[in-house]
Amino acid sequence: MAQQSTTPVERFDAVDVIHTKRDGGRLSDDQIDWVIDAYTRGVVAEEQMAALAMAIFLRGMERDEIVRWTQAMIASGERMDFSAALSRPTSDKHSTGGVGDKITLPLAPLVASFGVAVPQLSGRGLGHTGGTLDKLEAIPGWRADLTNEEMIAQLESVGAVICAAGSGLAPADKKLYALRDVTGTVEAIPLIASSIMSKKIAEGTDALVLDVKTGAGAFMRDEKDARELAATMVQLGKDAGVNTVALLTDMSAPLGLTVGNALEVRESVEVLAGGGPKDVVELTVALAREMLAAAGKTDVDVEAALADGRAMDTWKAMISAQGGDPDAELPVAKHTQEVCAEADGVVTGLDAMKVGVAGWRLGAGRSRPGEAVQAGAGVELMKTIGDEVRAGDVVAVLHTDTPERFDRSVESIDGAWTIEKDGASAGERTIVLDRIS
Ligand code: URA
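Fair warning: this is a prediction, and the values are worked out from it, not measured in the lab. (Residues numbered from 1 in each chain as written. Predicted model: local features only at pLDDT ≥ 70, side-chain atom pairs only at ≥ 80, totals over all residues. Heavy atoms only, no water.)

Here we look at the overall build of the chain
Thinking step 1. A tally of regular secondary structure across the chain gives 17 helices and 13 strands.
Thinking step 2. Scaling as 2.2 N^0.38, a compact globule of 437 residues should have a C-alpha radius of gyration of about 22 Å, and the chain matches this with 22 Å.
Thinking step 3. Split into buried and exposed, the 437 residues of the chain put 54% on the buried side.
Thinking step 4. Summing over all exposed atoms, the chain offers an accessible surface of approximately 17,400 Å²; the carbon and sulfur share of this is 49%. (Helix = DSSP H or I, 4+ residues; strand = E, 2+ residues; numbered from the N terminus. Rg over C-alpha atoms; globule rule 2.2 N^0.38 Å. Buried < 20%, exposed > 50% of the residue type's maximum accessible area, 1.4 Å probe, protein only. Areas by Shrake-Rupley, 256 points an atom, 1.4 Å probe, with all protein chains shown as cover.)

Remarks on the sheet that holds strand β7 (residues 335-340)
Thinking step 1. With antiparallel pairing, four strands are arranged side by side in an open sheet as β6-β9-β11-β7. The open sheet is flanked by β6 (258-259) and β7, the only strands paired with a single partner.
Thinking step 2. Here strand β9 (residues 378-381) pairs with strand β11 (residues 394-400) via four bridges, running antiparallel. Looking at the pairing, Val-379 lines up with Leu-398 of β11. (Pairing = 2+ DSSP bridges.)

Quick notes on the site of the ligand
Thinking step 1. The immediate surroundings of the ligand are formed by nine residues, with His-94, Tyr-177, Arg-180, Ser-195 and Lys-199 found nearest.
Thinking step 2. In the environment of the ligand, an oxygen atom lies 3.2 Å from a nitrogen or oxygen atom belonging to the side chain of His-94.
Thinking step 3. One of the side-chain N or O atoms of Lys-199 is found 2.5 Å from an oxygen atom in the ligand.
Thinking step 4. Against a free-state accessible area of 240 Å², the protein chains account for coverage of 96% of the ligand.
Thinking step 5. For the shell around the ligand, the secondary structure elements donating two or more residues are α9 (171-181) and α10 (189-203).
Thinking step 6. When residues of the shell around the ligand are assigned to their parent elements, the largest contribution, four residues, is made by α10.
Thinking step 7. Broken down by class, the residue content of the shell around the ligand amounts to four nonpolar, three polar and two charged. (Near = heavy atom within 4 Å. Polar contact = N/O pair within 3.5 Å; in protein donor to acceptor, adjacent residues only side chain to side chain. Nonpolar A, V, L, I, M, F, W, Y, C, P; charged D, E, K, R; others polar.)

A few points about unusual backbone geometry
Thinking step 1. The backbone of Ala-170 sits at a positive phi, close to 40°, despite the residue not being glycine.
Thinking step 2. Here Ala-170 falls in the buried class, since its relative accessible area comes to 1%.

Comments concerning α10
Thinking step 1. Taking 1.5 Å per residue, 15 residues should reach 21 Å; α10 reaches 21 Å between its end C-alpha atoms and fits that length.
Thinking step 2. Burial runs high along α10: 15 of the 15 residues are buried.
Thinking step 3. Downstream of α10 by one or two residues, Gly-204 has phi in the positive range, about 80°. (Expected span 1.5 Å × (residues − 1).)

Fair warning: the whole summary comes from geometry, so function is off the table for now.
As structure tokens, then:
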């Protein structure tokens, strides 16, 4: 007698779903629900999802497809509800990713110091952009993985948590995020919007402020695309009952003067100590105001909390609560190499993408899933927009534990600085370009 198969029959075939999108069609709601669920279960193989992600990248998605894709990603895991568990309002922010974007580090404790809970479920590096968790892991002892109970307890006691999204929260995004990172499929509006919003809606924050970046170092280089991404995400958030606004911000040049994990922690601590680079402070303060306003706190002096140490106290409590030593020496790379200016003049441009790729090649980011990053690796900028330089001046210092990486990093950073004899065209850099609500 023939043996009966016990394998359940799947409703769709992954190849058919890939064909639909590859040929420019619209995925049906049922196809979307199935493909996300089957991918999460391991029935749709990584290479099939990679092909589908590339088809989405090339063909795009309609608004209602993005909505359904996001809902399916949320449904792949659990939903949290902080408002039920906490006595304070919650407000969160998410950035679409940039070079030197360390803003979450000073921002979360700053906002929490006003009595608003900040549940920051963060990610690791994606492409040429650094990841908040990779940065914080440079702090000796700090751990990214918390249980939901630990997270809620810390939100009640300290007010701020930055941790890895638990494996139960949007697990489909967890897999897809790592896959996109290594298959050249990051820079797609439907995939970025659904990735970010599935996690934020599933985490159950009351309010959300999005930092949508545009310019050379952003996934959306073009301002028009960045505006569309912002509008898509704001709508997804509002539809799900989350009070959502977006700031459109400049990522043509890196934020601050450091790119790389421990280097960026050091700069963030400078901001918490009342100093730090002007652009990092400006964006931190602008996002803090939005997050506080979204949580109903409008009459607050945000700068004062940086100047008088309140935000620093919350930072120390937040790091200690996750096993980190906020006063420990940060790791330093074993080798450094200087990059020098080739002309005299004033820096009128600094290409964020070139600097981001240089940092990544030095070991601050990963080129294979699961690869370890170097805590001390990265780029320290000695000259930035508006600075005067002379030929031969050091414009950057490259840091790495593996000096064989210097050559490719130098190749990437070559030409990053635009130096003009007449520096008048440098002007003031505007960080916040617009607000979309
Ligand atoms: N951040 C995310 O969480 N997902 C993306 O796709 C891009 C940035």
